[in-house]
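Commentary on secondary and tertiary structure
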Amino acid sequence: MNPRPWNLWRAQVEAILRLEIRKTLLARRGLWIYLLAFAPAVLLWIHAGLNLRHGRVCDLGKDSLIFAAMFQFFYLRLAIFFGCVGVFMNLFRGEMLEKSLHYYLLAPVRREVLLVGKYLSGVIATSAIFCSGTALALAALFVHVPRAAAEHYLFAGGGLGHVLGYLGTAALACVGYGGVFLVMSFLFRNPIIPAALVLVWESMNPFLPSLLKKISVIFYLQSLCPVPAPIHGDWSFLAVVTEPAPAYLAVPGLLLVTFAGLLLAARKVRRLEINYGTE
Amino acid sequence: MSEREIVFENVSKFYGEVLGVNRVNLTIPPGITGLVGPNGSGKTTLMNLMTGLLRPSRGRISVLGVAPDQPELLFRFLGYCTQFDSFPRGMTGYQFVYSYLRLHGKPDKESAEMAWHALERVKLTDAAHRKIAAYSKGMRQRIKLAQALSPCPLVLVLDEPLNGLDPLVRAETIALFRALAEEGQHVIISSHILHEVDAISDQVILLSSGYVVAEGQIHGVRTEVEDHPMQILIRCSKPAHLASRIFDLDTVVEARVHNDGKGLLVRTREPERFYLMLNRLVVDGIDLESVAPADDDVHSVYEYLIGTDGGSI
């Protein structure tokens, strides 16, 4: 056994990242993920452009509430959710279908190190995509309000904290959903089934008992959202977080759920066989 | 478990209810070992089990003392050229080998040097920066070989490594295998081209329908095939005269003059005894040029054990 395995593992994870990040970011089959990530930003920029063109002055407070709703209902629950399905379900399963996974399995890499490398590559790629999408969408909010109002909101009204909160929540969503869908890729061949199961579970979260609530990703993400979504009426249950976790518990809670998923995935990857014929 | 040998202990592999290999007991010493058998006989399954790409349903495997389910240790000294003809997307030949070495944890410069060395060994330096997707079948075979050779492994497992290679590269590759075996390395080759296996293998493993039907040095395997008496070709003058004398021996099953009329083909169940008696039979007037087994090769053994005749040892 290597007396300093951490150095070796770090080098191997770096080698995996070099191969995987490029592959994930440049994959043609992943174009729809970019569409999901940047569609809100495109819409908001069109909206901002039209306002600027017609000289309309916008209410930043109102717009920030609209953004909060969009972030929670579209970005977290759909865009990042399905983006992570597309990326993390394919980290191992996709290579199994392309019959190229043996390339990694023929190298002297602990299977767990391979898992960590691939998972990190997915987190980095999805975080880069969805944090960029979030940042661009937020930028569109500020571009069509007077500069003084934007500066006041950012530096005196807690806006900068909101921006960092949204970016952090988007990144943590990739961490959490990434872990969940990575383990699902070892349990299911068809990505539709786990996606549907997790979507139902996450939607049921408001109705679950207190303990079960915590075995989900959306519970922690909603607790971390800086601005509550202004939803009323029949769908308000999706926006209301009963017993929200404070940030100092929500972040470790989410990481714990993710870690549990990765532990299960590590057990599966250790027993993984190359049998392309059955895929 | 031996640290010099590859050992299979009662290994079975089932794909659901389909048999891959069954009750395999093998000890593979250093040198070139040929895996021979028809399609579906279990050659690739055996190689995948040896390299941990598959896990045995039953039994134990040890490769120089290391279990194949420890890839972090196994692939420090083992290179596997698989039969899978698919590659990570968008890679050039150089990137394919270089990245593989980086996965070993080797630094950039060392990986680059070792990658170029491996590419030189398989004569692929000119095409190193071309995408693998644009390679011919033979080039893809060579790049896989370069990958397996690149970390200078002690054990090379090669699944049909000569497929698609042109005659010149084929001869050079065989010479490379020989050189590696002479250095004391294990080279395990599966091939369906029997004369090649015969020419390069120190020992053979014959597989049929998931079972090992014979293993060992080809001469040893042949002498154990008792259903088929050993065929010996005696090159001599006056073969008909010698035949008349040989018929008297009780060890001889058949003797006939060779088609070219310059020798005698003898079939015997006791070759060692026959050789002793032959010395006494050769009388004045018969010039003996050579005496050699005529069916002491992989092709004959394959035909006797796996061919239409079947048979067992």
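Quick caveat: nothing in here was measured; it's all calculated off a predicted structure. In every chain, residue numbers begin from 1 and rise along the written sequence. As they are written, the chains are lettered A onward and the ligands numbered 1 onward, keeping that order. Residue-level local features of this predicted model are given only where pLDDT is at least 70; pairs of side-chain atoms are given and counted only at 80 or more, and the full residue set underlies all totals for whole chains, interfaces and linings. Values reported for side chains reflect all heavy atoms of the structure, with hydrogen atoms and water molecules removed beforehand.

Okay, the overall build of chain B next. Segments assigned H or I by DSSP are reported as helices when at least four residues long, segments assigned E as strands when at least two residues long, and all are numbered from the N terminus. Looking only at helices and strands, chain B features eleven helices and 13 strands. On the principal axes, the C-alpha backbone points of chain B span a range of 75 × 45 × 30 Å. Per-residue burial over chain B gives 56% buried out of 313 residues. Residue pairs at least 24 apart in sequence account for 66% of intrachain contacts in chain B once pairs closer than 6 positions are excluded. Of note, chain B has its 32 positive side-chain charges centred 6 Å away from the centre of its 39 negative side-chain charges. Burial classes follow relative accessibility: with a 1.4 Å probe on protein chains only, a residue under 20% of its type's maximum area counts as buried, one over 50% as exposed, and anything between as partly exposed. In this analysis, two residues are considered to be in contact whenever any of their non-hydrogen atoms come within 4.5 Å of each other. A positive count includes Lys and Arg, and a negative count includes Asp and Glu. His and the chain ends are not counted in either. The atom standing in for a charge is NZ when the residue is Lys, CZ when it is Arg, CG when it is Asp and CD when it is Glu.

The subject of this paragraph is the pairing of strand 2 (residues 18-28) of chain B. All names here are of chain B. Pairing between two strands is assigned when DSSP locates at least 2 bridges connecting them. Judged from the seven bridges that link them, strand 1 (residues 6-15) and strand 2 form a sheet pairing that is antiparallel. In the sheet register, Tyr15 faces strand 2, and the bridge partner there is Val18. Where strand 1 hands over to strand 2, the hairpin turn is made up of two residues, of which Gly16 adopts a positive phi near 65°.

Next up on the list: the environment of Ala137 of chain A. All names here are of chain A. Within the secondary structure, Ala137 is located in helix 6 (residues 111-143). Classification of Ala137 as buried rests on a relative accessible area of 3%. Remark: the alpha-carbon pair of Ala137 and Trp45, spanning 92 residues in sequence, is separated by 7.3 Å. Apart from the residues lying within four places of it in its own chain, the contact partners of Ala137 are Ala41, Leu44 and Phe67.

Right, let's get into the sheet that holds strand 12 (residues 263-268) of chain B. Residue and element names in this part refer to chain B. Pairing in this open sheet of four strands is antiparallel, and the strands run 11-12-10-13 from one edge to the other. The open sheet has two edge strands, strand 11 (252-257) and strand 13 (288-293), and neither has a second partner. For this sheet, the mean inter-axis angle between neighbouring strands, taken without regard to orientation, is 20°. Taken together, the six bridges between strand 10 (residues 230-236) and strand 12 define a ladder with antiparallel strand orientation. Each residue of the ladder has a partner; that of Leu233, found in strand 12, is Leu265. Axis definition: a line fitted to C-alpha atoms, over the contacting stretch in the case of helices. Angles run 0 to 180 degrees between N-to-C directions.

A word on unusual backbone geometry. Residue and element names in this part refer to chain B. Unusually for a residue other than glycine, Arg23 sits at a positive phi of about 45°. With respect to the helices and strands, the residue Arg23 is situated in strand 2. A positive phi angle, near 55°, is found at Lys123, a position not held by glycine. Locating Lys123 in the fold gives a position in the loop between helix 4 (108-121) and helix 5 (137-149).

So, about the packing of aromatic side chains. Residues and elements named next belong to chain A. Only Phe, Tyr and Trp rings take part, Trp by its six-membered ring, and two of them pair if their centres are within 6.5 Å. Stacked means planes under 30 degrees apart, edge-to-face means over 60, and tilted covers everything else. Under the criterion given, the structure shown has 22 aromatic pairs over all chains. Between Tyr103 and Tyr104, the ring centres sit 6.0 Å apart and the planes meet at 65°, which makes this aromatic pair edge-to-face. For the pair formed by Tyr103 and Tyr104, the shared burial category is buried. With a centroid separation of 5.8 Å and 40° between ring planes, the pair formed by Phe142 and Tyr153 is classed as tilted. One end of the pair, Phe142, is in helix 6; the other, Tyr153, is in helix 7 (residues 147-155), with eleven residues separating them in the sequence. Here the two residues Phe142 and Tyr153 agree in accessibility, since each one is buried. A connected cluster of aromatic rings, assembled from ring pairs, spans Phe67, Phe71, Tyr75, Phe130 and Tyr166. Here, over-ring charges are defined by two tests on the NZ atom of lysine or the CZ atom of arginine: distance to the ring centre within 6 Å, and angle to the ring normal within 35 degrees. It is Lys118 that lies over the ring of Phe92; its NZ or CZ is 5.3 Å from the centre.

Quick look at the confidence of the model for chain A now. For chain A, mean pLDDT is 89; residues scoring 70 or higher make up 94% of the total. For every residue, the predictor assigns a confidence score, pLDDT, that lies between 0 and 100. The least confident element of chain A is helix 12 (residues 236-239) of chain A, whose mean pLDDT is 61; the most confident is helix 5 (residues 102-105) of chain A, at 96.

So, on to the sheet that holds strand 9 (residues 211-216) of chain B. Residues and elements named next belong to chain B. Within the open sheet, the six strands sit side by side as 5-6-7-3-8-9. Their pairing is mixed. Every interior strand has two partners, whereas the edge strands, strand 5 (78-81) and strand 9, have only one. In this sheet, adjacent strand axes meet at a mean angle of 15° when their direction is disregarded. Both strand 8 (residues 203-208) and strand 9 contribute to a ladder of five bridges, which runs antiparallel. When the bridges of strand 9 are listed, Ile205 appears paired with Glu215. Lying on the sheet, helix 5 is in contact with strand 5 and strand 6 (155-159); it crosses strand 5 at an angle near 170°.

With that settled, the discussion passes to the domain arrangement of chain B. All names here are of chain B. Domain assignment breaks chain B into domain 1 (6-224) and domain 2 (228-306). The distance between the C-alpha centroids of domain 1 and domain 2 comes to 39 Å. Listed as interface residues are 17 residues of domain 1 and, on the opposing side, 14 residues of domain 2. By convention, the term buried area covers the 1.4 Å-probe accessible surface removed from two parts as they join, with the contributions of both added. Both sides together, the interface formed by domain 1 and domain 2 hides about 1300 Å², and carbon and sulfur atoms give 74% of it. Should a side-chain nitrogen of Lys or Arg be within 4 Å of a carboxyl oxygen of Asp or Glu, the pair is scored as a salt bridge. Seen at the junction of domain 1 and domain 2, the total is zero salt bridges. At the level of secondary structure, the elements contributing two or more residues to the side of domain 1 that touches domain 2 comprise helix 7 (194-200), strand 8, strand 9 and helix 8 (218-224). Here the side of domain 1 that touches domain 2 gets five residues from one element, more than from any other, and that element is helix 8. The residue classification treats Ala, Val, Leu, Ile, Met, Phe, Trp, Tyr, Cys and Pro as nonpolar and Asp, Glu, Lys and Arg as charged. All others, Gly included, are polar. Residues belonging to the side of domain 1 that touches domain 2 are distributed by class as follows: eleven nonpolar, four polar and two charged. Residue ranges labeled as domains rest on an automatic or database domain assignment.

The subject of this paragraph is the pairing of strand 7 (residues 186-190) of chain B. Residue and element names in this part refer to chain B. Burial runs high along strand 7: five of the five residues are buried. Side chains His186, Ile188 and Ser190 of strand 7 all project onto a buried face; the interleaved residues Val187 and Ile189 project onto the opposite face, where all are buried too. The sheet contact formed by strand 3 (residues 31-36) and strand 7 spans five bridges and is parallel. Bridge assignment links Gly34 to a residue of strand 7, and that residue is Ile189. Assignment of crossover handedness uses the view with strands pointing away from the viewer, where a clockwise path from the first strand over the helix to the second indicates a right-handed crossover. Assessed by its sense of winding, the connection that carries the chain from strand 6 through helix 6 (residues 167-182) to strand 7 is right-handed.

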